[in-house]
Amino acid sequence: MVGITQPRPGQHVNADGVWDLPPNMGKMSVLSLWFLLCADLLDLTVGYLTVTIEPLPPVVVGETVTLKCNFKTDGRLREIVWYRVTEGGTIKQKIFTYDAMFNTNYSHMEDYRRREDLVYQSTVRLPEVRISDNGPYECHVGIYDRATREKVVLASGNVFLTVMSPPNNISVLAENTPAPFSRYQAQNFTLVCTAKGGKPAPTVYFKRDGELIEVISYVQPGYGDESGGSAGVRGARPLISRDLDDTKLQKSLSLLGPDGRPGRLYTESPGRGYHTPGQPANEPSPATEAIPETVVSREFPRWVQTTDPLYYFSNTHIPQSDGSVLVQAKLTWTLNPQLDNDALFSCEVKHPALSMPMQTEVTLAAPKGPKLLMTPARAKVGDTVRITVQGFQNEVFPEPLFTWTRVGGRLLDGSTERAGKELVLERVPAELNGSMYRCTAQNPLGSTDTHTRLIVFENPSMMKNTQNQNNGAPGLGTCELTWIFLAVTVTAELT
């Protein structure tokens, strides 16, 4: 049985039962064959060119980087050009060129910035990379067109160079210093850790006495880039000071007197007990005399912290012009001088470019007895006297606040107190002899008082001038008496 197939529309069957091709079918076949032939000829004329660049792992500042451009072609090489892409791809800066026609290579950078070196035609080495070298690079390869030998066929590949930089400086400071000490109200205290020079941004965290601090992260107003800590992110809320309760007053046994009452702190009555044994009573004592300090930092505050402190943590990233990131981490809690005095806090910084974390640490400490220096050592009437804080018996952190007062009176300029590390008394009068001055040094952990006494000696030059002024009138009276005595003697002899 023979099946009969109906011709499709547009097809014709001849007498032999064979379909005739459409009138244009022959032309289409010829064109297709022509195009295929031209493509083959073009392929044989132009050849092929492919360019690939191996990806680069992140590198650290100061290392050497090799940019390798791989290309395959059956054509004749014309040139290889490396570009550094900047401004988001809008600017391409030539950094190195290999000219195959003359077999030469040269850098497009200025002599003082030339650091590129051609290793092998398409491979460029960058020694001691910088942060500024971070970014995309392109390799352009050109070959001659086989047909004309005047045109150049180009192909390119790209790679991104990631340059990391470890932080070059970390520091810990106390915020809002110098600050006073309060025995009656709890205070919030903030440590600020700053890490500079890192790229990408490092991870910053705090430890207390070597143990990681569990923190509550919060976002500071006005900063958009904040990252969290180990306790998860919570909404920002103000730090609440503990309630004050005098009924919960804790007293140090070291401050109790023999009768069980709190000992009185000696701060006044400078006129007693300063005579040095072995010296005559009418001899002046030295210009300065060390007075036992009054240590207030050992007194417990008048409030009680009923629970463990809550540590609040914030992290701020500030981009720098050189491509690095400045990180500022803040740790805030309600300060407890009873527990936090002599506590060791450390700030640690982790970064991919570091094999181990960087660390800096501070020890919280209240000031104890500042050392005072008075100049000149023997102050005379009319001299300018300076009393300066030279240091402490211990390391003090955070920075203390210094206040000067005169015991039992006002300062020479009439003020009740003066702030700063130095007290200046200009043209001291004799009336200040024996006056007592108190230097109060305090930080949020405690306060201490140190006293010194000013001894003013007589000024011989001033006394001489005074005597000369007072001796002028008696000289004239003596001359007159001499003439009178001579006149009386002559008169007696004549009579």
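Residues numbered from 1 in each chain as written. Predicted model: local features only at pLDDT ≥ 70, side-chain atom pairs only at ≥ 80, totals over all residues. Heavy atoms only, no water.

For the chain, the count of helices and strands is 4 helices and 32 strands. Going through the 495 residues of the chain one by one, you find that 37% of them count as buried. Nonlocal contacts in the chain, meaning residues at least 24 apart in sequence, comprise 64% of its contacts between residues at least 6 apart. If you sum the accessible surface of the chain, you get close to 30000 Å²; carbon and sulfur atoms cover 54% of it. (Helix = DSSP H or I, 4+ residues; strand = E, 2+ residues; numbered from the N terminus. Buried < 20%, exposed > 50% of the residue type's maximum accessible area, 1.4 Å probe, protein only. Contact = heavy atoms within 4.5 Å. Areas by Shrake-Rupley, 256 points an atom, 1.4 Å probe, with all protein chains shown as cover.)

Turning our eyes to something else, we now look at unusual backbone geometry. For the bond from K199 to P200, the omega torsion is -5°, close enough to zero to count as cis. In this model, T375 is joined to P376 through a cis peptide bond whose omega is -5°. Looking at where P376 falls in the secondary structure, it is placed in the loop between β24 (371-375) and β25 (379-380). With a phi close to 50°, E128 is a non-glycine residue in the positive phi region. Topologically, E128 is positioned in the loop between β10 (123-126) and β11 (135-144). Owing to a relative accessible area of 57%, E128 belongs among the exposed residues under this scheme. Phi at R427 is positive, roughly 50°, even though this residue is not glycine. As for its placement among the helices and strands, R427 is situated in the loop between β29 (422-425) and β30 (436-443).

Moving on, we get to the packing of aromatic side chains. Taken as a whole, this structure holds 6 aromatic pairs when the rule is applied. Consider the rings of Y311 and W333, whose centres lie 5.4 Å apart with planes at 45°: the pair is tilted. A residue pair is termed long-range when its members are at least 10 positions apart, and Y311 in strand β20 (residues 311-319) and W333 in strand β21 (residues 325-335) qualify at 22 residues. In this structure Y311 comes out as buried when scored by relative accessible area, which is 10%. (Phe/Tyr/Trp six-rings, centres within 6.5 Å; stacked < 30°, edge-to-face > 60°.)

With that settled, the discussion passes to the pattern of salt bridges. Following the criterion strictly, the structure yields 9 salt bridges and no others. Note that E348 and K207 form a salt bridge whose closest N and O atoms lie 3.3 Å from each other. With a gap of 141 residues between them, E348 in strand β22 (residues 344-350) and K207 in strand β16 (residues 203-208) connect regions that are remote in the sequence. Pair check on accessibility: E348 and K207 agree, each one buried. Across the pair D209 and R208 runs a salt bridge, and its minimum N-O distance is 3.9 Å. The class of R208 is buried, set by a relative accessible area of 18%. The structure contains a network of salt bridges with shared partners spanning R208, D209 and D340. (Salt bridge = Lys/Arg side-chain N within 4 Å of Asp/Glu carboxyl O.)

This part covers the environment of Y106. With respect to the helices and strands, Y106 occurs in strand β8 (residues 104-107). The sequence separation of Y106 and I95 amounts to 11 residues, and the corresponding C-alpha distance is 8.7 Å. Leaving out residues up to four positions away in the same chain, Y106 has contacts with F96 and T97.

Okay, the sheet that holds β29 next. As summarised here, the arrangement of the 3 strands in space is β24-β26-β29, forming an open sheet in which the pairing is antiparallel. Of all strands in the sheet, those with a lone pairing partner are β24 and β29, marking the two edges. Across this sheet, the average inter-strand angle for adjacent strands is 20°, counted without regard to direction. (Pairing = 2+ DSSP bridges. Axes fitted to C-alpha atoms, helices over the stretch in contact; angles between N-to-C directions.)

Our next topic: the side chain of R84. As for its placement among the helices and strands, R84 is situated in strand β6 (residues 77-86). The side chain of R84 sits in the buried core without any salt bridge; D133 is the nearest counter-charge, 5.1 Å away. Discounting chain neighbours no more than four positions away, the residues touching R84 are I91, K92, Q93, I95, S132, D133, N134, P136 and Y137. (Lys, Arg positive; Asp, Glu negative; His and termini not counted.)

This part takes up the nonpolar core. Core analysis: the biggest nonpolar cluster contains 28 residues, and L191, V204, F206, L331, W333, F345 and L364 have the highest contact counts within it. Mapped onto this core, the elements with two or more residues apiece are β14 (169-174), β15 (187-198), β16, β20, β21 and β22. The element that contributes the greatest number of residues to this core is β21, accounting for 6 residues. Judged by nonpolar contacts, the second largest core, of 24 residues, contains L49, V65, Y98 and Y137. (Core = buried A, V, L, I, M, F, W, Y, C linked by side-chain atoms within 4.5 Å.)

This next bit is on the sheet that holds β8. Spatially, the 5 strands line up as an open sheet ordered β8-β7-β6-β11-β12, and their pairing is antiparallel. One side of each edge strand has no neighbouring strand; the edge strands of this open sheet are β8 and β12 (152-161). Ignoring strand direction, the axes of neighbouring strands in this sheet form an average angle of 25°. Two strands pair when backbone bridges link them, and β11 and β12 are joined in this way by 10 bridges, in the antiparallel orientation.

Moving on: the pairing of β8. Bridge count between strand β7 (residues 91-99) and β8: 4 bridges; the pairing is antiparallel. In the strand pairing of β8, F96 is matched with S107. Linkage of β7 to β8, two consecutive antiparallel strands, is achieved through a turn of 4 residues, within which N103 is found at a positive phi near 55°.

When pLDDT is averaged across the chain, the result is 76; 64% of the residues are at 70 or more. For residues 1-6, every residue scores under 50 in pLDDT, and the model assigns this stretch 2 contacts once sequence neighbours within four places are set aside. Low pLDDT, under 50, characterises residues 111-119; the stretch is placed with 25 contacts to residues that sit more than four places away or in other chains. (pLDDT = per-residue confidence, 0-100.)

Here we come to the state of the cysteines. Evaluation of the coordinates by the stated rule reveals 2 disulfides. Covalently, C69 is tied to C139 through a disulfide, its sulfur atoms 2.1 Å apart. Looking along the S-S bond of the C69-C139 disulfide, the torsion reads about -90°, which is the left-handed sense. Of this pair, C69 sits in strand β5 (residues 65-73) while C139 sits in strand β11; the two residues are 70 residues apart in sequence, bridging distant segments of the chain. For C69, a relative accessible area of 1% gives the class buried. (Disulfide = S-S within 2.5 Å.)

Before going further, it helps to spend a moment on the environment of S156. Among the structural elements, S156 can be located in strand β12. On the basis of relative accessibility, which here comes to 43%, the residue S156 falls in the partly exposed class. On a C-alpha basis, the gap between S156 and W82 in space is 9.6 Å, while along the polypeptide they are 74 residues apart. Setting aside chain neighbours within four positions, we find S156 in contact with V51, C139 and H140.

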